There are 4 protein chains.
Amino acid sequence: MRQCIEACLACHRICMETLTYCLGMGGKYAEARHLRLLMDCAEICQTSANFMLRGSELHSRTCFACSEVCGRCAESCAQMGEDVVMNACADMCTQCSDLCWKMGGGVMSQTPNPEAAQRAADLPA
Amino acid sequence: MRQCIEACLACHRICMETLTYCLGMGGKYAEARHLRLLMDCAEICQTSANFMLRGSELHSRTCFACSEVCGRCAESCAQMGEDVVMNACADMCTQCSDLCWKMGGGVMSQTPNPEAAQRAADLPA
Amino acid sequence: MRQCIEACLACHRICMETLTYCLGMGGKYAEARHLRLLMDCAEICQTSANFMLRGSELHSRTCFACSEVCGRCAESCAQMGEDVVMNACADMCTQCSDLCWKMGGGVMSQTPNPEAAQRAADLPA
Amino acid sequence: MRQCIEACLACHRICMETLTYCLGMGGKYAEARHLRLLMDCAEICQTSANFMLRGSELHSRTCFACSEVCGRCAESCAQMGEDVVMNACADMCTQCSDLCWKMGGGVMSQTPNPEAAQRAADLPA
């Protein structure tokens, strides 16, 4: 778990720095979808790290979400082409995605919260 | 989605207020597991609301995590017995859990991020 | 204080929504300085609200910071010219700035943390 | 500034870990005021780091607030007596308080936001 915490904290940081870099570069770097993914990734990494640091019994859920968001952010960074900053961010996101997947992946094989599923099915559309 | 944003923001707020109430009450109200769930719930509701407010394509992931955490927090609050504050918090958490489930539930029927799954399987134990 | 909490929560929300709007509009709306101020304002409003909701003895400090950031964000929004979304955001930021100022303004008339001031003065440049 | 970012990130982390430790220990460690200060300190360190990572023009305001909160949290940790975990947290908080003071201290010598001061003075009591 310690390794996953480190990865989330490092990924939060690099996404914040990359966001600042992209805002400064403009153009394709500052396209809405890309900036949004960097903000998403920074925020969920922070939340995911906090759940683990707090010793939360539910950290697998935030790790699972984090894994998905990091994966998508890595793709978006990698598509920017040859750029040292973007490549470093893509690498860190990929690493964090993998470690979070390991922490949170088991979530998928459970049937979660069947009561909420039932109540949600009963809500008006 | 607007309804789900409202629920997350309201649930974040009531969990923060309930946390303050529980810290003041002490005893069973201030047991580690209960306080931790209130902190977890407040934080993931905030993150989940932010993803939706940002128009994130990945809000279903944070909604899914939020649904699970809210459900667990509702249980913990309900177990406190007859207490107006705890019951109100349990009700809000349940409502938020249901709405988030509806937003995020579809996550479970996908096979997410197969590449991360593969890479994670290859990591040393 | 309740009024100030409401203002911070409402201001956090409208800044997040305005950020999404500006990302979608592009051009002058998506200039780095403006986006950054919206992110700053959303985050400090959230933190400031959380300090008050937690009953923190130090909420005047976060309110003071929040007041300044909201004031600057209001200016930036107002400079966008005739735009209903930007004007609504400017108005909310101004209102939040005023209420936070009232909560936190007293900070300025104290001599804060004289020991940290001394230790900081002793740090190498 | 890099040094101050590092300090805020490290202080956020140690406060989260110490919070978990204190919840586990119970007794005087888990008194409301102490837990609240740890939560306050973790949150403002996170916010302060994010402002600097984002290159915000207003980071001096969040650094100023952070300096005050860290200072108060350091005192609370130091009062716990001989305890390795609490002492390490107190040291980190003191260090972060000093560095943030240096970044944000100039705030105090300005007359901030005079318009908000006027409008706040005009608000009903």
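Note: the structure precedes this text.
So, how was this worked out
- Residues numbered from 1 in each chain as written.
- Chains lettered and ligands numbered in written order.
- Predicted model: local features only at pLDDT ≥ 70, side-chain atom pairs only at ≥ 80, totals over all residues.
- Heavy atoms only, no water.
- Phe/Tyr/Trp six-rings, centres within 6.5 Å; stacked < 30°, edge-to-face > 60°.
- Helix = DSSP H or I, 4+ residues; strand = E, 2+ residues; numbered from the N terminus.
- Buried < 20%, exposed > 50% of the residue type's maximum accessible area, 1.4 Å probe, protein only.
- Contact = heavy atoms within 4.5 Å.
- Buried area = accessible area lost by both parts, 1.4 Å probe.
- Salt bridge = Lys/Arg side-chain N within 4 Å of Asp/Glu carboxyl O.
- Nonpolar A, V, L, I, M, F, W, Y, C, P; charged D, E, K, R; others polar.
- Expected span 1.5 Å × (residues − 1).
- Polar contact = N/O pair within 3.5 Å; in protein donor to acceptor, adjacent residues only side chain to side chain.

## Side note on the packing of aromatic side chains
Here the structure, examined in full by the defined rule, presents 10 aromatic pairs over all chains. Centre to centre, the rings of phenylalanine 64 of chain B and tryptophan 101 of chain B are 6.2 Å apart; their planes meet at 50°, and the pair counts as tilted. Of the two residues, phenylalanine 64 of chain B sits in helix 3 (residues 59-78) while tryptophan 101 of chain B sits in helix 4 (residues 84-104), which places them 37 residues apart along the sequence. Accessibility assignment for this pair places phenylalanine 64 of chain B and tryptophan 101 of chain B in one class, buried. On the basis of an interplanar angle of 85° and a centroid distance of 5.9 Å, the ring pair of tyrosine 21 of chain C and tyrosine 29 of chain C is categorised as edge-to-face. Of the residues examined, tyrosine 21 of chain C reaches a relative accessible area of 25% and is grouped as partly exposed. Site record: aromatic cluster; members linked through ring pairs are Phe64 and Trp101 of chain A together with Phe64 and Trp101 of chain B.

## Quick word on the interface of chain D and chain A
Tallying the contact residues gives 14 residues for chain D and 14 residues for chain A. Buried area between chain D and chain A, summed over both chains or domains, comes out near 1400 Å², and the portion from carbon and sulfur atoms is 52%. The largest contributions to the chain D side of the interface with chain A come from Arg13, Met16 and Leu53 of chain D, which together make up 41% of the buried area. Put simply, chain D and chain A have 4 salt bridges between them. With a closest N to O distance of 3.1 Å, arginine 13 of chain A and glutamate 6 of chain D form a salt bridge. Per-element accounting of the side of chain D that touches chain A gives the leading share, 9 residues, to helix 1 (residues 2-25) of chain D. Here the side of chain D that touches chain A is composed, by residue class, of 4 nonpolar, 5 polar and 5 charged.

## With respect to helix 4 of chain B
What sets the pattern is the α-helix's 3.6 residues per turn: residues three or four places apart point alike. Residue and element names in this part refer to chain B. In a regular helix each residue adds 1.5 Å, so 21 residues correspond to 30 Å; helix 4 covers 30 Å between its end C-alpha atoms and thus fits that length. Turning to helix 4, its buried residues are Met86, Cys89, Ala90, Met92, Cys93, Cys96, Ser97, Asp98, Leu99, Cys100, Trp101 and Gly104. The opening residue of helix 4 is aspartate 83, an N-cap whose side-chain oxygen sits 2.9 Å from the backbone nitrogen of valine 85.

So, to be careful, I would describe these as geometric facts and stop short of saying anything about function.
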